[in-house]
Amino acid sequence: MFHMGWFVGSGFSVQSWRGTWGGSGAREWMKPDLYVDMARSLERACFDYMIFEDGLMIPDAYQGNMQAYLKYNMESPRHDPTALIGILGQATSRIGLIPTLSTSFYPPFMAARMLATLDHLTDGRVGGNLVTSSSHRAAQNFGYEKHFEHDLRYRMADEWIDLVGRLWESWEPGAVVFDEETGTFADHTKVHTVDFEGEFFRCRGPLNAVPGPQGRPVICQAGGSPAGREFAARNADTVICVPLGVEAMKAYRDDMSARLIANGRKPSDCKVLYLVRPVLGATDDEAREKRRRIQAAQRTDDAIATQLAVMSYFSGLDFSQFDLDKPLPDLTGQVNGHQSSMSRYAKDSEDGKTLRELAATHETTVSLELVGTPDTVAALMGEAMEEVGGDGFLISNELDRRGIAEIADGLAPALKRRGLIRESYTHEYFRDNLLEF
Ligand SMILES: Cc1cc2nc3c(=O)[nH]c(=O)nc-3n(C[C@H](O)[C@H](O)[C@H](O)COP(=O)(O)O)c2cc1C
């Protein structure tokens, strides 16, 4: 069996409002309703978790201004996903809920308290997707001139999670006694200062919130660079990634297993999930036709501009400066943003593709091509996991109610029929379900 998650790739933002199936709710994107429906559907499908991407600025990397990002609502707006998690927790009872948090800018004390609070509100089902953020613009929203250098960010993240972990442990188990006879809420001998003096952070502690049912919420990690993977090997319960094709997926899992062992952990301690965007139809032909339409739509000028803006955002380089009809120049060493994304662009352009071709065909969010009926796709997913030895998939499809139903009520039942995913949840808490197999 493997695990399933859904990556809400545009975060708590406007979803599919120009698509055919956006519905009237698309204009009420700042309300929780779509996500509540989604969380309930995915819980019916027995998904492990839902994860919300996040960012902390409106980019202007493409053409040096915010036009593309605001016009096409890309990477913006971003409402705070942590607020949404509390509401989704009320509407569901088993699915794991993961907001993204930046270790570079979220103060450790605030993050520890917020996740502890959400862990209570969700009855032990919260996680944190820890990212280091990649753009100077985000840094400038927090008073810095520019963002910290790539590997330094991960050193900071290491110290950040160390401190956050200590804050979660600053209340011993049994510290809350609730003894009505003596009128005692908490036993003060079981609550301790942390007196943390690090290279980047200092904190006295203890946490002024009671740690949640899980104690330590599930930690998720997405950075694919060597420094990112090391951070995950030390700290993460789940890793989300986009290696291209079965061979690369297997290499990623093997590399993570080796790193986990080197850090004194078992490979099964951290679940590696791969991003996919299944294209589903009632017949294989219908799904192929849908895929053909999606690919054709990627070739319009608008779509190419959108893709270049995404690439600019990820890399921090303005892709409007390069000739669309020539191959991408060698950009090694010029990037302080997402290094793993940049290696993907470089790899995709190895065969002399022009930038236009690259932008029209590049898929930032797919490890594996999955096109067909739910049953065809379920079989492909099963075969891939068999070969890869990975732990599951993360759906990153466009978000509207029809798309959610295709996955929750089409694909998930097909996966269940094949015995590939769980039929019901065994445990109450998120981490226990995640680590069950
Ligand atoms: C599947 C996936 C999801 C990600 N989600 C976010 C996110 O929500 N917010 C963010 O700032 N970065 C996100 N990232 C970026 C990574 O967390 C990381 O910052 C980036 O990949 C740069 O690190 P790297 O050089 O180690 O790859 C994501 C990356 C991947 C592969």
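Keep in mind that what you see is a predicted model, and the values were worked out from it rather than measured.

Glancing now at the domain arrangement of the protein. Under the domain assignment used here, the protein contains domain 1 (3-282 + 366-434) and domain 2 (285-361). Across the boundary between the two partners, domain 1 contributes 32 residues, which contact 24 residues of domain 2. Of the roughly 2,300 Å² buried at the junction of domain 1 and domain 2 (both faces included), carbon and sulfur atoms supply 56%. For domain 1, the biggest contributors to the area lost against domain 2 are Y62, S134 and V279; these three give 23% of the whole. Taken together, the connections running from domain 1 to domain 2 amount to two salt bridges. Two residues, E406 and K290, come together in a salt bridge whose shortest N-O distance is 3.1 Å. Where domain 1 touches domain 2, the interface holds seven residue pairs in polar contact (both at pLDDT 80 or more). If one sorts the elements of the side of domain 1 that touches domain 2 by residue count, helix α2 (residues 67-71) sits on top with three residues. Across the side of domain 1 that touches domain 2, the residue classes tally to 16 nonpolar, ten polar and six charged.

Our focus in this paragraph is a negative patch on the surface. Residues E247, E383, E386 and E387 make up a contiguous surface patch of negative charge. Here the negative patch takes three residues from helix α13 (residues 374-388), the largest share from any one element. Within the secondary structure, E386 is located in helix α13.

So, on to the pattern of salt bridges. If you walk through the whole model with that rule in mind, you get 30 salt bridges. Salt-bridge contacts for R234 lead to D158; the nearest nitrogen and oxygen are separated by 2.3 Å. Taken together, the residues span a long stretch of sequence, with R234 in helix α7 (residues 226-235) and D158 in helix α6 (residues 150-168) at a distance of 76 residues. Residues participating in the shared-partner salt-bridge network are D158, R229, E230, R234, D255 and R259.

Right, let's talk about the sheet that holds strand β1 (residues 3-8) for a bit. Strand order around the closed barrel formed by eight strands is β1-β2-β3-β4-β9-β10-β11-β14, with parallel pairing between neighbours. The mean inter-strand angle of the sheet, taken between neighbouring strand axes irrespective of direction, is 30°. Two elements, β1 and strand β2 (residues 49-52), share four bridges in a ladder whose sense is parallel. Directly across from W6, in β2, lies its bridge partner M50. Its contacts with the sheet place α7 against β4 (127-131), β9 (218-221) and β10 (238-241), and it is angled at close to 165° to β9.

Cut-offs used in this document
Residues numbered from 1 in each chain as written. Predicted model: local features only at pLDDT ≥ 70, side-chain atom pairs only at ≥ 80, totals over all residues. Heavy atoms only, no water. Domains from an automatic or database assignment. Contact = heavy atoms within 4.5 Å. Buried area = accessible area lost by both parts, 1.4 Å probe. Salt bridge = Lys/Arg side-chain N within 4 Å of Asp/Glu carboxyl O. Polar contact = N/O pair within 3.5 Å; in protein donor to acceptor, adjacent residues only side chain to side chain. Helix = DSSP H or I, 4+ residues; strand = E, 2+ residues; numbered from the N terminus. Nonpolar A, V, L, I, M, F, W, Y, C, P; charged D, E, K, R; others polar. Patch = residues over 30% accessible without salt bridge, like charges linked within 9 Å, V, L, I, M, F, W, Y side chains within 5 Å. Areas by Shrake-Rupley, 256 points an atom, 1.4 Å probe, with all protein chains shown as cover. Lys, Arg positive; Asp, Glu negative; His and termini not counted. Charge placed at Lys NZ, Arg CZ, Asp CG, Glu CD. Pairing = 2+ DSSP bridges. Axes fitted to C-alpha atoms, helices over the stretch in contact; angles between N-to-C directions.

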